[in-house]
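Survey of secondary and tertiary structure
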Amino acid sequence: MSALFSDTALIFGRYARQTLRSRLQMLFGVLMPLLYLLFFGPLLTDLPLSSQGSSWQVLVPGLLLQLALFGASFCGFGIIVEKQYGVVERMRVTPVSRLALLLGRVLRDALLFVLQSALLVGAALVMGLRAPLPGILIGFAFVAVLTVALASLSYALAMRVSTPQAFGPVINSLTMPSMLLSGLMLPMSLGPRWLDVLSHFMPFRYLVDAVRAAFVGAYSSPAVLYGVLVALAFAALSVIFGTRAFRRAAA
């Protein structure tokens with residue numbers, strides 16, 4: 001276990017230093033949610049989107065998880081570049097734990113997107129968001145867990161493909177339906193009944209509902225409980241799948 005921690009810290013430190021050398025990555029990563037916040041948020045200010053909370057308490061949780069959804073899903077591009085330059089090949093011959101090779105990367109990604117989430121929430125507070133601090137922190141926790149899950153799957157897919165041209169279309173075909181059916185932008189309850197029912201088969205729907213409940217202070221609601229269970233199960237399965245992908249690559 002101590003070897004796993006040290007190996008994970010080693011890999012995390014390597015990729016964290018890379019991120020610090022490219023500070024614009026943090027700003028550009030949060031650009032799309034900020035544009036939604038600035039240009040889409042004011043349109044919803046006076047609309048009754050939910051029986052609890054303001055329109056900002058509906059929109060901002062969705063934007064936080066949108067940040068994790070799109071950002072983490074495309075993390076695999078980095079692995080493809082590393083494979084082309086032989087970085088992954090050199091790592092294969094090291095005794096570093098295959099789980100650490102994955103965890104070091106996804107923990108860096110989780111920290112990056114939580115920091116970007118803090119920037120997004122800061123801008124939302126200026127624009128009118130009012131939410132309890134524990135609810136905001138719960139939202140950050142969901143961003144971190146979702147990032148770990150999706151980044152693990154993204155890296156696993158990237159280990160199986162050889163070019164960005166093969167990777168990109170697969171990710172796009174998965175992220176767009178996930179965004180539309182999970183109610184990231186607007187609650188699915190506002191749509192027709194059949195669409196609301198269909199959205200319950202999308203795991204991200206439960207995470208969105210949980211963060212929105214947390215933002216209005218309903219910490220003990222069923223929505224938060226279901227969101228926590230789905231998020232943890234999804235992350236555990238994704239890490240297992242991602243670790244297997246690294247082990248097969250090293251075989």
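You'll find the structure just up there.
Along every chain, residues carry numbers that run from 1 in the direction the sequence is written. This being a predicted model, a pLDDT of at least 70 is required before a residue's local features are given, and a value of 80 or more before pairs of side-chain atoms are given or counted; all residues contribute to the totals for chains, interfaces and linings. By convention in this description, side-chain values take in all heavy atoms of the structure and omit both hydrogens and water.

**Comments concerning the overall build of the protein chain**
For the protein chain, the helix and strand inventory stands at 12 helices and 0 strands. Only DSSP runs of H or I with at least four residues qualify as helices, and only runs of E with at least two residues qualify as strands; both kinds are numbered from the N terminus onward. Reading the secondary structure of the protein chain in the N-to-C direction produces α-α-α-α-α-α-α-α-α-α-α-α. Relative to the globule expectation of 18 Å for 251 residues, the C-alpha radius of gyration of the protein chain, 19 Å, shows essentially globular dimensions. Residues classed as buried in the protein chain amount to 47% of the 251 residues present. Each radius of gyration reported is based on C-alpha atoms, and the globular scaling rule is 2.2 Å times the count of residues to the power 0.38. Only protein chains enter the accessibility calculation, which uses a 1.4 Å probe; a residue whose area is less than 20% of its type maximum is buried, one above 50% is exposed, and one in between is partly exposed.

**Observations concerning the pattern of salt bridges**
Criterion for a salt bridge: a side-chain nitrogen of Lys or Arg within 4 Å of a carboxyl oxygen of Asp or Glu. Counted according to the given criterion, the structure contains 6 salt bridges. Here D209 ties to R205 by a salt bridge, and the two come within 2.7 Å at their closest N and O atoms. Of this pair, D209 and R205 both sit in helix α11 (residues 203–215), 4 residues apart, which is roughly one turn of the helix. For D209, a relative accessible area of 26% gives the class partly exposed.

**Some remarks on empty space enclosed by the protein**
A pocket here means an open set of points on a 1 Å grid, computed over the protein atoms alone, that has protein on both sides within 12 Å along at least five of seven lines. A cavity is instead a set of points where a 1.4 Å probe fits but cannot get out; residues with an atom within 4 Å of a point line either one. Grid points are joined across faces, edges and corners, and a volume is the space filled by probe spheres set on the points. Enumeration according to the criterion identifies 2 cavities of 30 Å³ or more in this entry. If you add up the space inside the second largest cavity, you get close to 40 Å³. Its residues assigned to classes, the lining of the second largest cavity shows 6 nonpolar, no polar and no charged. For this classification, Asp, Glu, Lys and Arg are treated as charged, while Ala, Val, Leu, Ile, Met, Phe, Trp, Tyr, Cys and Pro are nonpolar and the rest, including Gly, are polar.

**Considering the side chain of S154**
Relative to the assigned elements, S154 resides in helix α8 (residues 133–160). Residue S154 is classed as buried on the basis of its relative accessible area, which comes to 2%. A distance of 2.7 Å separates a polar atom in the side chain of S154 from the backbone oxygen of S73. Throughout this description, a polar contact denotes any pair of N or O atoms lying within 3.5 Å of each other; where both atoms belong to protein, one of them has to be capable of donating a hydrogen while the other can accept it, and for residues adjacent in sequence the pair is counted only when both atoms sit in side chains. Within polar-contact distance, the side chain of S154 engages the backbone nitrogen of G76 at 2.7 Å.

**Remarks on the packing of aromatic side chains**
Stacked, tilted and edge-to-face are the three classes assigned to paired rings of Phe, Tyr and Trp, where Trp is represented by its six-membered ring and a pair needs centres within 6.5 Å; plane angles under 30 degrees give stacked, over 60 edge-to-face, the rest tilted. For the structure on display, the rule yields 3 aromatic pairs. The interplanar angle of 5° and the centroid separation of 5.9 Å between the aromatic rings of F74 and F77 together place this pair among those described as stacked. Judged by its relative accessible area of 28%, F77 falls in the partly exposed class. On the numbers, 5.9 Å between centres and 75° between planes, the contact of F204 with F234 is edge-to-face. Highlighted residues: F204 in helix α11 and F234 in helix α12 (residues 222–250), separated in sequence by 30 residues. We classify F234 as partly exposed; its relative accessible area is 22%. Among the aromatic residues, those joined into a cluster by ring pairs are F74, F77 and F167. Geometrically, a lysine NZ or arginine CZ counts as sitting over a ring once it is within 6 Å of the ring centre and also within 35 degrees of the ring normal. Seen from the ring of Y15, R14 lies directly overhead, with NZ or CZ sitting 4.9 Å from the centre.

**What to know about the packing of helix α4 (residues 56–73) against α8**
Every axis in this analysis is a line fitted to C-alpha atoms, fitted for helices over the stretch in contact. Angles between the N-to-C directions lie between 0 and 180 degrees. The interhelical angle for the contact between α4 and α8, taken along N-to-C directions, is 20°, at an axis separation of 8 Å. Of the possible angle classes, the one that applies to α4 and α8 is roughly parallel. As for how α4 packs across α8, the hand of that crossing is right-handed. Across from L64, L65, A68, L69, A72 and S73 in α4, the residues of α8 making contact are F142, V143, L146, T147, L150, A151 and S154. Angles below 35 degrees are treated as roughly parallel, those above 145 as roughly antiparallel, those between 65 and 115 as roughly perpendicular, and all remaining angles as oblique. Note on convention: near helix rotated counterclockwise from far helix by under a right angle means a left-handed crossing. Clockwise means right-handed. Note on contacts: a residue pair is in contact if any heavy atoms of the two residues lie within 4.5 Å.

**Description of a nonpolar patch on the surface**
A contiguous nonpolar surface patch, about 530 Å² in accessible area, is contributed by F28, L31, L35, L38 and F39. Here the element with the most residues in the nonpolar patch is helix α3 (residues 31–39); it accounts for 4 residues. Topologically, L31 is positioned in helix α3. For L31, a relative accessible area of 40% translates into the label partly exposed. In this scheme, patches are assembled from residues that exceed 30% relative accessible area and form no salt bridge. Like charges are connected within 9 Å, while nonpolar side chains (Val, Leu, Ile, Met, Phe, Trp, Tyr) are connected within 5 Å. Each accessible area is a Shrake-Rupley result for a 1.4 Å probe, and residues are judged covered by the shown protein chains and nothing else.

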